[in-house]
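One-letter residues, chain by chain:
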Amino acid sequence: MNETIKLGLVLLLVTAVAGGVLAGVNSLTAPVIAERENQEKFASLLEIFTDANEFIEFEGSDLANIQSSYPSVVSITELKDEGADLGYAITTRTGGYAGDVTTLVGINTDGTIAGIKVLVMTETAGLGSRIVDDPAFAASFAGKGAGGSVTPAGAGAGDNEVMMLSGATVSTNAVVKGVNDALSAFSNSLAN
Amino acid sequence: MSLFAIMISSILVNNYVFARFLGICPFLGVSNKMETATGMGIAVTFVTTLASVITYIIQHAILNNLGLQYLQTIVFILVIASLVQFVELALKKISPGLYSAMGVYLPLITTNCMVLGVAILNIQEGFNLIQTTTNAVGASLGFFLALVLIAALREKMDIADIPESLAGFPITLIAAGLMSIAFAGFAGLV
Amino acid sequence: MKISTLFKNGIIKENPVLVQLIGICSVLAITNTVENSLGMSAAVIAVLTLSNIVISLMRKFIPAKIRIPIFIVVIATFVTMVQMFMNAYAQPLYKSLGIFIPLIVVNCLILARAESFASKNGVFVSAMDGIAMGLGYSVAVVALGTVREILGSGSFLGMSLFGESFQPISLFVAPAGAFIVLGLLIGLFNAFVKKRITD
């Protein structure tokens, strides 16, 4: 019995030291990580709304109400330029081919898409990853969506049509679903 | 995601062996006979499901509350290692029949990256407890399916004429590659 | 033990990937680009060398009965540290390696070296063994990554090699390509390298 207790104590000691070391490293790296994530977020917002200088984050029940109808919505930011409404940036998370795809959707006050950016994805390199790697894909969304939704088709030339990436149907659809959820959330809950 | 979608996704579309590369070591190690493949499959299903539920509870009840998310890896692996030991002891006492069926595979499971992989992915995907259990069962069934399919192929390959340098693991990997192409066909299901 | 023997063992004779076939999960998963392969190699070398050093230092004090749990705690600690540093300073790499960074914990290679080498040898030799085995892993992973990226994406380290008209064979960056290329690579290794050593 004595031996068991001794062994237990040794293991406990080792684990405690390990935990202590990790806590130390964590306190070093956590602020760097948080800072960078914050910067990335505003950087993406500014890519879409270049004039924005006011960022109003939706919180609490305002966000929860919209999320109850559109569960894919992660966060909503209202953007203004010197008090003038620019539109909304809605982040959505939808299921892709290999894990979730997080998309930032910028929507102008008139309900058209200002621009999109895929923030996080783990799709297959060379295939699904083109939702990030191919700039023409994101570009094909801009200005569309006045009808309340977009559909993927060919090069995405038509009204409310966006580019279909051949060989990456599931990844394309994941982004399109995120964008359409954002458009519906905007027209039903945010537009005046 | 609906439970059915999670199930289909983890068994077929994102099969943990063919699409996510988890659990490859036992997949290569014990897939030479149909019988051992079945034993391993059952043992993995049991441990993965149990481990997913326990790690889910630990993550949400302890780590998240104390802000200790960074200890996730270390805590999960210790939980899995102890769980495997515990299951081994318990089975020996309670059900010698079951123990003789899957006992020899249990020690191998600690280093089966699928168990830890599924546990971490469940947390990353933000699943609730029911979804976690569903995903764990689906993942294990997918592993089971992959193991049995490749075991059946390897029994046939044993009597085939294979170039010397490719015999054994290389040809098994190539066969797994062809199988993976077949599984890619499920991509549009969910 | 001679250091050159350690390196010869790690890279050729007992190459963890091509000969021992351990730690294959991450090998298959992260070799879709050369960049990922290099990143994963660096992580594995770091964890393997550091855990070998610490375990060798502690080898006289670790009770035999609980050595495996202690090895696991040491390895998991280093893996978590690598994970934190990557998240802070190498974010794109952290994202694309994803779940395979925490899974280094269960990479049988590292536990195997702790058990069979570091717990029985001095600090310096153990560190060298860690580097040697890590390099063996890296050689295999980078070779695999090079083949897959060139054939599957038509590029090397992200630089396009063949111009616009080249249609890459995307099968090679898909999961199936990983299995097939690794199978062929081991076959080639068996046919040319292994034969020569045993002769």
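Worth saying up front: this structure is predicted, and the values here are computed from it rather than measured. (Residues numbered from 1 in each chain as written. Chains lettered and ligands numbered in written order. Predicted model: local features only at pLDDT ≥ 70, side-chain atom pairs only at ≥ 80, totals over all residues. Heavy atoms only, no water.)

Asker: Quick question: what am I supposed to make of the packing of helix H3 (residues 34-66) of chain B against helix H8 (residues 129-157) of chain B here?
Answerer: A pair of packed helices is captured by two measures, namely the crossing angle of their axes and the spacing between those axes. Residues and elements named next belong to chain B. Where H3 meets H8, the axes come as close as 9 Å, and the angle between the chain directions of the two elements is 165 degrees. By the angle between their directions, the pair H3 and H8 is classed as roughly antiparallel. By crossing handedness, the relation of H3 to H8 is classed as right-handed. A breakdown of the residues in the contact of H3 with H8 according to their chemical character gives 16 nonpolar, nine polar and one charged. (Axes fitted to C-alpha atoms, helices over the stretch in contact; angles between N-to-C directions. Helix = DSSP H or I, 4+ residues; strand = E, 2+ residues; numbered from the N terminus. Parallel < 35°, antiparallel > 145°, perpendicular 65-115°, else oblique. Left-handed = near helix turned anticlockwise from the far one by under 90°. Nonpolar A, V, L, I, M, F, W, Y, C, P; charged D, E, K, R; others polar.)

Asker: In this structure, what is going on with the packing of aromatic side chains? I would like to understand it.
Answerer: For any pair of aromatic rings, the description consists of the separation of the ring centres together with the inter-plane angle of the planes. Across all of its chains, the model carries eight aromatic pairs over all chains by this definition. Linked through ring pairs, Phe18, Phe21, Phe183 and Phe186 of chain B together with Phe179 of chain C together constitute an aromatic cluster. In this structure, Arg20 of chain B packs its charged tip against the face of Tyr16 of chain B, placed 5.0 Å from the ring centre. (Phe/Tyr/Trp six-rings, centres within 6.5 Å; stacked < 30°, edge-to-face > 60°. Lys NZ or Arg CZ within 6 Å of the ring centre and 35° of its normal.)

Asker: Explanation requested: the pattern of salt bridges in the structure shown.
Answerer: Once the charged atoms of two side chains with opposite charge are near each other, the side chains can pair. The final tally for this structure, using the stated rule, is six salt bridges over all chains. Across the salt bridge formed by Lys65 of chain C and Glu3 of chain A, the nearest N and O atoms sit 3.3 Å from each other. Highlighted residues: Lys65 of chain C in the loop between helix H3 (34-58) and helix H4 (67-89) and Glu3 of chain A in helix H1 (residues 2-48), drawn from two different chains. Its relative accessible area of 62% is what places Lys65 of chain C among the exposed residues. One salt bridge connects Glu115 of chain C with Arg67 of chain C, and the closest N-O pair in it is separated by 2.9 Å. Separated by 48 residues along the polypeptide, Glu115 of chain C in helix H6 (residues 108-118) and Arg67 of chain C in helix H4 bring together distant segments of the chain. (Salt bridge = Lys/Arg side-chain N within 4 Å of Asp/Glu carboxyl O. Buried < 20%, exposed > 50% of the residue type's maximum accessible area, 1.4 Å probe, protein only.)

Asker: Honestly, the nonpolar core in this entry has me stumped. Any pointers?
Answerer: One recurring pattern in soluble globular proteins: nonpolar side chains tend to sit buried together. Ranked by size, the top nonpolar core spans 121 residues in total, and within it Phe18, Ile24, Phe27, Ile109 and Leu116 of chain B together with Phe100 and Leu182 of chain C carry the most contacts. Val73, Ile76, Tyr88 and Ala185 of chain A belong to the second-largest nonpolar core, a separate cluster that totals 31 residues. (Core = buried A, V, L, I, M, F, W, Y, C linked by side-chain atoms within 4.5 Å.)

Asker: Can you help me understand the interface of chain C and chain B in this one?
Answerer: Reports of interface size often rely on the accessible area that becomes lost once the parts have come together. In this assembly, 35 residues from chain C lie in contact with 34 residues from chain B. For chain C, the biggest contributors to the area lost against chain B are Cys25, Val106 and Phe179 of chain C; these three give 22% of the whole. There are three residue pairs in polar contact (both at pLDDT 80 or more) connecting chain C and chain B. Elements that contribute at least two residues to the side of chain C that touches chain B include exactly helix H2 (24-30), H4, H6 and helix H8 (175-198) of chain C. For the side of chain C that touches chain B, the element with the highest residue contribution is H8 of chain C, accounting for twelve residues. Looking at the side of chain C that touches chain B residue by residue, the classes come out as 28 nonpolar, seven polar and no charged. (Contact = heavy atoms within 4.5 Å. Buried area = accessible area lost by both parts, 1.4 Å probe. Polar contact = N/O pair within 3.5 Å; in protein donor to acceptor, adjacent residues only side chain to side chain.)

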